[in-house]
Amino acid sequence: MNEIKLNNGIIMPQVGYGVFQVEPSECERCVSDALKVGYRMIDTAQAFL
């Protein structure tokens, strides 16, 4: 997975997995699956609603 280095020196993946419109009942499984296949940046906007 491609990464970029931020101005503060932190390395961040260029691609993330978003869960904004994922049903709460499916969210945990979807995030778990995303982590298993290599995603390391998860946008948890669903949790803010």
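Our subject in this report is the structure included herewith. (Residues numbered from 1 in each chain as written. Predicted model: local features only at pLDDT ≥ 70, side-chain atom pairs only at ≥ 80, totals over all residues. Heavy atoms only, no water.)

### Brief notes about a nonpolar patch on the surface
Here is the rule: To count toward a patch, a residue needs a relative accessible area over 30% and no salt bridge; like charges are then connected within 9 Å, while nonpolar side chains (Val, Leu, Ile, Met, Phe, Trp, Tyr) are connected within 5 Å. Residue-level accessible areas treat just the shown protein chains as cover; the underlying method is Shrake-Rupley with a 1.4 Å probe. Each salt bridge in this description consists of a side-chain nitrogen of Lys or Arg and a carboxyl oxygen of Asp or Glu lying within 4 Å of one another. Starting at the N terminus, helices and strands are each numbered in turn, a helix being any DSSP run of H or I of at least four residues and a strand any DSSP run of E of at least two.
Side chains of Ile 4, Leu 6 and Ile 10 sit close together on the surface and give an oily, nonpolar patch of about 220 Å² of accessible area. With respect to the helices, strands and loops of the structure, Ile 10 is situated in the loop between strand S1 (3–5) and strand S2 (11–13).

### Description of helix H1 (residues 24–36)
For clarity, the cut-off: What a helix is expected to span follows from its residue count: subtract one and scale by 1.5 Å. Only protein chains enter the calculation, and the probe is 1.4 Å; a residue is then buried if its accessible area is under 20% of its type maximum, exposed if over 50%, and partly exposed in between. To obtain the arc, one takes the directions from the helix axis to the C-beta atoms. In what follows, residue pairs with any heavy atoms lying within 4.5 Å of each other are defined as contacts.
The first and last C-alpha atoms of H1 sit 19 Å apart over 13 residues, in line with the 18 Å expected at 1.5 Å per residue. Taken together, the buried positions of H1 are occupied by Cys 27, Cys 30, Val 31 and Ala 34. Down the axis of H1, the smallest arc covering the buried residues is 100°, so these residues share one side. Away from the buried face of H1 by more than 90 degrees, exposed residues Ser 25, Glu 28 and Lys 36 are located. In this structure, the buried residues of H1 make contact with strand S3 (17–18) and strand S4 (42–43). Positive phi shows up at Gly 38, right after H1, with a value of about 120°.

### A look at the environment of Cys 30
Looking at the secondary structure, you find Cys 30 in helix H1. Classification of Cys 30 by relative accessible area gives buried; the value is 13%. Residues Cys 30 and Thr 44 lie 14 residues apart in sequence; the distance between their C-alpha atoms is 11 Å. Non-local contacts of Cys 30, meaning those with residues more than four positions away in its chain, are made with Tyr 17 and Val 22.

### Here we look at the pattern of salt bridges
Tallying each qualifying case throughout the model produces two salt bridges. Here Arg 29 makes a salt bridge to Glu 26, at a shortest N to O gap of 2.5 Å. With Arg 29 and Glu 26 both in helix H1 and three residues apart, the pair spans about one turn of that helix. Put simply, Arg 29 and Asp 33 hold a salt bridge, and the shortest N to O gap is 3.1 Å. One end of the pair, Arg 29, and the other, Asp 33, are both in helix H1, four residues apart, so they sit about a helical turn from each other. Arg 29 sits in the partly exposed class, given a relative accessible area of 45%. Judged by relative accessible area, which is 33%, Asp 33 ranks as partly exposed. Each of Glu 26, Arg 29 and Asp 33 takes part in one network of salt bridges that share partners.

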